[in-house]
Amino acid sequence: MARFCDVAVPVPLESTFTYSINGSEPVPGGRVIVPFRAQKHVGIVTKVHDDEPSVKTKPVQQVVDSAPLLSDHLLELGRWIASYYIAPIGEVYRSMLPLPAEVKKASVYTVADAGLDALHRSAEQGSSRRSKLNVEAQMTEYEVLDYLANSDEPVREATLRSATGANKQLFAGMVRKKWITRTDATSLRDASRVRRVALLKQEGVPTKQRPLNDNQQILMTGIIAAGGRCSVDELNKLAVPRSTLQTLVGRGLIEIIEEPLDFHVSHLAGKGTKDLQLTTEQSKALDHIHAAAASGKFSVTLLHGVTGSGKTAVYLEAMQQVLAAGGGALLLVPEIGLTPAAAAHLHVVFGDEVAILHSGLTDAERAEQWHRIHRGEAKIVVGTRSGVFAPVANLKLIIVDEEHDHSYKQEETPRYHGRDVAVMRGKLTSAAVVLGSATPSLESYHNAKNGKYHLIELKQRVADRPLPEVEIVDLRFEFQQSGKDQIFSRQLVEEVQHRVENGEQAIILMNRRGYSAVVVCRACGEAIQCRNCAITLTHHKGSPRLECHYCGYRERVPKVCPKCQSEHIYFLGAGSEQVEERLHQAFPTARIGRLDRDTVRGRHDFERVLNQLNAGEIDILVGTQMVAKGHDIHGVTLVGVVGADFALGFPDFRAAERTFQLLTQVAGRAGRGHIPGKVILQTFFPDHYAIQFAQKHDFHGFAAKELQFRKWMHYPPFASVANVLVRSDKLDQALRYAGEIGNWFKETRLEGVRVMGPAAAPLLRLKRDYRYHFVLKSPSREALNSTLRAMLRHADSLKFPRTQVIVDVDALSLM
Ligand SMILES: [Zn+2]
Ligand SMILES: [Zn+2]
């Protein structure tokens, strides 16, 4: 047996730590509880070995898993993430396992031999002649003994107390009598719930020499009546001492196993294959993906299909083919794509062989889904970002739908990008990876153009439907003409009116929630800011308040300026709440719905509004970018964009790309039925190329221009970018971190790495922290990462807390 193991402990440190083994042997990929500094942690074993380290080791406290939870591939994937994103390995593994098992300190008890003897004596003799009080205490003691005797594992004090009504004093007395043993242990609070089941053993037949007594007979009858298996909870309801069950186990008549509590998202009709009529383009794409998945080789395909070209049908068909061939498949979707209806549809297609991982699951449900996949019961997995770590066996195909979507990027440690991790996972497991989008990220598109990825294009919408016509309304001109600062242009009002009269539907995009974006005092010029952030507060009218959209801080709507007491305060810049109100005024008979983070609290709210739209119960739907995401509503013939170009004013090199994607996606909602669609795009930047190319549905044109710009500016995909953010709630400390790190960058000879900064972050203050940042660019990923590692070592040597120096490799946001 190996003497040592290396453990990835979930702490913000890069390395693994070596522990000695003095109990059962841990397995790589399994969990152990280990002491770390003053605490106990659940870590993942990365290696078992006999190499004695130079420093003294502490022993592993408890081996949790006797079989690996993370396969070799997933362990390897974790190492890659830790290295690529410069993230602590223990935190990487923790986020790969959705088993929120935290260490809990608890006293646990086991029954000792003397206790078992006492229990047996009591069963023979009955209670003796003592005072009534003593009899009660004695009964409780026997209950405790009985409970412990029935338990294969040490029992936590809290569990024991609630089961028997015993108190601390009683436990202490029993420990003194050496009836029970007490251990102060850390234990796992594992959300995956299991139930204990009694199984009748085939070979277990009571012999003539040892017939069953009455209690044993009752239990055996109960188990047989239940078909040879019955949960221990059920058996405990029978009026039989708990020790009886243990006796039956001891006699080899039954065995007790643990099985997970079944969890089903829904019990819908079993597997059903819908006959899909694929277009020629779709069939070609499917054939390619099928061949790639069947080859058993790693490949990446970019499936660039215009909105409404039927990418989902291709995915589902390809996954069915993989399943039919005995393989596993993983489909990643953006956060908002996994509505209950989408989940229900997946159950119809794949029956019980699909597991769905989304953010609406409780910890227990998530853990149960994870175990179903781990046991091989679910070979098809559909999940959001962290679904990329699902332990799918024999993985042949990984699909990332809407691969450009920013919800794939995790904005906390480990700051990985789900799409890029998917590609790496495909590489490690020799699977085919498919990235799908109507507006591919420039990174993926560039890889397709230079031959690293295959490129498949779906240029036609299904059923030969045309892409909608996009009309641009220049708001500067509109203002001159009408003399009023209106939210809706005259064209838009006319077009909406037309739809309402004809029973068609419209979607209005205002990518900003709330009623007014800014509250300003005309007397002193002060815009009311968040107390915790350098951000102006947004006015919400429905439940009146000012709110910070970054930290959630709220305050009352002021009647006078908080600074100069002037009454001349103005509410500027419309948000989706105001757009909804104005639509009601302009179209009093129309039924209007709104989708934004204020109206959507959970998945079901989102679903409800979409269902209403689908059923024709809503004429006009207004909302933030939520209205742009992949829905397929056939009655929508008009999309009005009244606020979507704010991002073009942000200091963000991805602003044009984001705007183009948003406009193309929202335009894609129009004309998906038999009536062609139209888009009215109101903007202050009619000449901007993001707007121009969106008008023409010209992804290639946009990409060519944007790639040129990125090349000149040495931005991705032509260079790797990392954001280094330092933060502190004390301004002088934030400045000191920034200054020291800046000096180090200056003094260190950096090969091929350009450092910009320190500069105040565009959001200088956020959630009480002052923030400064550096942007690093390099054509060489290796050079970039080794610079970042050296910088972190330097910061460590200066005792800068790791939580205040944040490295974001491939940062999507530099704010
Ligand atoms: Zn004022
Ligand atoms: Zn705030």
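This text goes with the structure placed above it.
Treat the numbers as computed from the prediction; the structure is a model and nothing was measured.

Moving on, we get to the sheet that holds strand β32 (residues 754-766). Within the open sheet, the 4 strands sit side by side as β32-β33-β31-β34. Their pairing is antiparallel. Both edges of this open sheet fall to β32 and β34 (805-809), since each of them pairs with a single strand only. Here the average twist between neighbouring strands, direction ignored, is 20 degrees. Together, β31 (720-728), β33 (769-778) and β34 form the strand contacts of helix α24 (residues 781-797), whose direction differs from that of β34 by roughly 170 degrees.

For strand β18 (residues 432-437), the buried fraction is high: 6 of the 6 residues fall into the buried class. The two faces of β18 match: Ala432, Val434 and Gly436 on one face and Val433, Leu435 and Ser437 on the other face are all buried. For strand β13 (residues 299-305) and β18, the ladder comprises 6 bridges, and the chain directions are parallel. Looking at the pairing, Val300 lines up with Val433 of β18. On the question of chirality, the crossover connecting strand β17 (residues 395-400) to the parallel β18 by way of helix α14 (residues 418-429) is right-handed.

In terms of nonpolar packing, the biggest core is built from 112 residues, with Ile81, Val421, Leu595, Val641, Leu788, Met791 and Val805 touching the most fellow members. Filtering out sequence-adjacent residues up to four positions away, Ile81 remains in contact with Ile86, Ala87, Val92, Phe389, Pro414, Tyr416 and Val421. Formed by 31 residues, the second largest nonpolar core is a distinct cluster that contains Met319, Leu323, Val349 and Leu458.

Quick look at the packing of helix α1 (residues 72-84) against helix α2 (residues 89-96) now. Where α1 contacts α2, the two axes come as close as 9 Å, and the packing angle between them is 130 degrees. Accordingly, the angle class assigned to the pair α1 and α2 is oblique. For α1 against α2, the interelement crossing comes out right-handed. Along the contact surface, α1 presents Leu74, Leu75, Leu77, Gly78, Arg79, Ile81 and Ala82, while α2 presents Ile89, Val92, Tyr93 and Met96.

Here we take up the coordination of the zinc ion (ligand 2). Taken together, Cys530 (SG), Cys533 (SG), Cys548 (SG) and Cys551 (SG) make up the protein donors of the zinc ion (ligand 2), found 2.2 to 2.3 Å from the metal. The coordination sphere of the zinc ion (ligand 2) comprises 4 donor atoms, whose angles at the metal cover 100 to 115 degrees; the geometry is tetrahedral. Read in sequence order, the donor residues coordinating the zinc ion (ligand 2) give the pattern C-x2-C-x14-C-x2-C.

Locating His404 in the fold gives a position in the loop between β17 and α14. Setting aside anything within four residues of it in sequence, one finds His404 in contact with Ser437, Thr439, Pro440, Ser441, Gln661 and Gln665.

What follows concerns the environment of His539. With respect to the helices and strands, His539 occurs in strand β23 (residues 538-540). Since its relative accessible area comes to 9%, His539 is described here as buried. Along the primary structure His539 and Ser516 are separated by 23 residues, whereas in three dimensions their C-alpha atoms are 5.0 Å apart. Setting aside chain neighbours within four positions, we find His539 in contact with Gly514, Tyr515, Ser516, Val519, Arg545, Leu546, Val557, Phe571 and Glu577.

Donor atoms from the polypeptide that bind the zinc ion (ligand 1) are Cys521 (SG), Cys524 (SG), Cys561 (SG) and Cys564 (SG), placed at 2.3 to 2.4 Å. Taken together, the 4 donor atoms coordinating the zinc ion (ligand 1) and their angles of 105 to 117 degrees define a geometry best described as tetrahedral. One chain supplies every donor to the zinc ion (ligand 1), and in sequence these donors are spaced C-x2-C-x36-C-x2-C. Here Cys524, found in the loop between β22 (516-521) and β23, pairs with Cys561, found in the loop between β25 (554-555) and β26 (569-574); they are 37 residues apart in sequence, far enough to count as distant. Since its relative accessible area comes to 35%, Cys524 is described here as partly exposed.

Taken together, the 7 strands give an open sheet; going across it, the order is β15-β16-β14-β17-β18-β13-β19, and neighbouring strands pair in parallel fashion. With one partner strand each, in any of the chains shown, β15 (354-357) and β19 (454-458) form the two edges of the open sheet. Sheet twist, expressed as the mean angle between neighbouring strand axes with direction ignored, is 15 degrees. Relative to strand β16 (residues 380-383), β15 runs parallel, the two sharing 4 bridges. Considered in β16, the bridge of Val354 is made with Ile380. The strands touched by helix α10 (residues 280-294) are β13, β17, β18 and β19; relative to β19, the strand with the most contacts, the crossing angle is about 155 degrees. Against the sheet, helix α15 (residues 442-449) touches β13, β18 and β19, its axis set at about 115 degrees to β13.

Axis angle and axis distance: for two packed helices, these are the angle between their axes and the distance between the axes, and together they describe the pair. Interaxial distance between helix α20 (residues 655-667) and helix α22 (residues 699-713) falls to 11 Å at its minimum, and their mutual angle equals 170 degrees. Viewed along their axes, α20 and α22 adopt a mutual orientation that is roughly antiparallel. Here Ala656, Glu657 and Phe660 of α20 lie close against α22, whose contacting residues are Phe699, Phe702, Glu706 and Arg710.

The rules behind the values
- Residues numbered from 1 in each chain as written.
- Chains lettered and ligands numbered in written order.
- Predicted model: local features only at pLDDT ≥ 70, side-chain atom pairs only at ≥ 80, totals over all residues.
- Heavy atoms only, no water.
- Pairing = 2+ DSSP bridges.
- Helix = DSSP H or I, 4+ residues; strand = E, 2+ residues; numbered from the N terminus.
- Axes fitted to C-alpha atoms, helices over the stretch in contact; angles between N-to-C directions.
- Contact = heavy atoms within 4.5 Å.
- Buried < 20%, exposed > 50% of the residue type's maximum accessible area, 1.4 Å probe, protein only.
- Right-handed = clockwise from strand over helix to strand, strands pointing away.
- Core = buried A, V, L, I, M, F, W, Y, C linked by side-chain atoms within 4.5 Å.
- Parallel < 35°, antiparallel > 145°, perpendicular 65-115°, else oblique.
- Left-handed = near helix turned anticlockwise from the far one by under 90°.
- Donors = N, O, S within 2.8 Å, 3.2 Å for Na, K, Ca; no water.
- Tetrahedral: all angles 85-135°; square planar, octahedral: opposite > 155°, others 65-115°.

No statement about biological role is implied by the geometric values presented.
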